[in-house]
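Chains, contacts and geometry: an overview
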Amino acid sequence: MRLIFLGPPGAGKGTQASKVSERWRIPHISTGDVFRAAVKEGNDVGRRVKGHLEGGGLVPDELVVEVLKQRLGQADCANGFVLDGFPRTVEQARALDELLQDRGETLDRALYFDLPGEVAVERLSGRRMCRSCGANYQVKYIPSKKEGRCDRCDGELYQRQDDQPETVRHRLRVYVEETAPVVDYYRKAQSLRDFRADASVEEIAEQVSRALEAVVPANRPQEEGH
Ligand code: AP5
């Protein structure tokens, strides 16, 4: 199963991608997570992307495509993957087409999660992430049981620097200019499925599961979690 998850910042791409990854046993590849890990490690990629992430702008296509190519070359991607946050530009979408063609593979579905901008700002200003395991919470809608600590591993929860309201608004503008055309790209290719992202996590997960079961049935469904 080869999937891409599209949608504005805060649409819940990461939340839903991690459920699909567990259920279908395919790796969840978030380019945002890859870049944040590189910044934390302080490696060459991290130094090159840091300013883009902090300001809410896009990392240049050439670098993103190179990083993604390396990741898809790893053994765990042989049976599929769910890409979260890639492609972000039409140029990246074309590069992915070429990459898949070279691998003799095709994309099964592009899932588009649509969310009004004001809901995105509210969601993201309340997002909290676990420093240890990366679990994702929302102070109002998906709170952790103990304030400031992760339910899974008791790690410390923190707020992403680019989740400040002004930076979120900038990310939304970048999304409209650069990434909205990618939705049209996949709509024209007839591989797009639309989802309204302003429902509950469980309702959306149910709709996504139903849509994907029709493509490739999951062999052994896993427990639902954050
Ligand atoms: P990235 O990390 O990909 O950020 P994003 O696309 O802006 O997406 P988010 O992580 O903000 O939102 P999401 O849709 O995954 O929602 P989530 O599930 O977390 O990218 C960060 C940066 O990296 C970019 O700005 C750019 O600089 C760079 N970058 C990355 N990829 C790139 C690329 N391909 N090209 C160029 N640059 C790139 O949910 C959000 C919150 O809402 C959470 O708190 C969650 O708990 C909550 N929530 C989720 N679902 C629901 C629901 N149904 N109801 C209520 N709350 C919900």
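Everything below is about the structure printed above this text.
Report follows, based on the coordinates. Quick caveat: nothing in here was measured; it's all calculated off a predicted structure.

1. Quick word on the environment of Ala120
- Structurally, the position occupied by Ala120 is in helix H6 (residues 117-125).
- Owing to a relative accessible area of 0%, Ala120 belongs among the buried residues under this scheme.

2. Quick look at the packing of helix H1 (residues 13-24) against helix H8 (residues 201-213)
- Taken N-terminus to C-terminus, the directions of H1 and H8 make an angle of 45°; their axes are 10 Å apart at the nearest point. One finds that H1 runs oblique with respect to H8. Where H1 crosses over H8, the two elements pack in a sense that is right-handed. Together, Thr15, Gln16, Lys19, Val20, Arg23 and Trp24 of H1 and Val201, Ile204, Ala205, Val208, Ser209, Leu212 and Glu213 of H8 make up the contact between the two elements.

3. So, the sheet that holds strand S8 (residues 192-196)
- Pairing is parallel across the open sheet formed by 5 strands, whose spatial order is S2-S3-S1-S4-S8. Edge positions in the sheet fall to strand S2 (28-30) and S8, since each of these pairs with one other strand and no more. Adjacent strand axes in the sheet meet at a mean angle of 20° when their direction is disregarded.
- Summarising the sheet, strand S1 (residues 2-6) and strand S3 (residues 81-84) pair through 4 bridges and their orientation is parallel. Paired with Phe5 across the two strands is Asp84, which belongs to S3.
- The sheet strands contacting H1 are S1, S2, S3 and strand S4 (109-114), and the helix crosses S1 at an angle near 160°.

4. Topic: the pairing of S1
- Most of S1 is tucked away, with 5 of its 5 residues classed as buried.
- Burial of the side chains of S1 extends over both faces: Arg2, Ile4 and Leu6 are buried on one face and Leu3 and Phe5 on the other.

5. Some remarks on the packing of aromatic side chains
- For the structure on display, the rule yields 3 aromatic pairs.
- Ring centres of Phe5 and Phe113 lie 5.2 Å apart, and the angle between their planes is 50°; this geometry places the pair in the tilted category. Residue Phe5 is found in strand S1, and its partner Phe113 is found in strand S4; the two are separated by 108 residues along the sequence.
- On the accessibility criterion, Phe113 (0% relative accessible area) is buried.
- An aromatic cluster of three or more residues is present, and its members are Phe5, Phe113 and Phe195.

Calculation rules
Along each chain, residue indices are assigned from 1 in the same order as the chain's sequence is written. Owing to the predicted nature of the model, reporting of local features is limited to residues with pLDDT of at least 70; listing and counting of side-chain atom pairs is limited to 80 or more, with chain, interface and lining totals taken over all residues. Computation of side-chain values covers all heavy atoms of the structure but excludes hydrogens and water. Only DSSP runs of H or I reaching four residues or more are called helices, and only runs of E reaching two or more are called strands; each is numbered from the N terminus. Each residue is assigned to one of three classes by its accessible area relative to the maximum for its type, calculated with a 1.4 Å probe on protein chains only: buried under 20%, partly exposed between the two thresholds, exposed over 50%. In this analysis, axes come from line fits to C-alpha atoms, helices being fitted only over the stretch in contact, and the angle between any two N-to-C directions falls in the range 0 to 180 degrees. Small angles under 35 degrees read as roughly parallel and large ones over 145 as roughly antiparallel, with 65 to 115 read as roughly perpendicular and the rest as oblique. We call a crossing left-handed when the near helix sits turned anticlockwise from the far one by less than a right angle, and right-handed when that turn is clockwise. Any two residues whose heavy atoms approach within 4.5 Å are treated as being in contact. DSSP-based pairing: two strands are paired if at least 2 bridges between them are found. Only Phe, Tyr and Trp rings are paired, with Trp represented by its six-membered ring, and only when their centres lie within 6.5 Å; those with planes under 30 degrees apart are stacked, over 60 edge-to-face, the remainder tilted.

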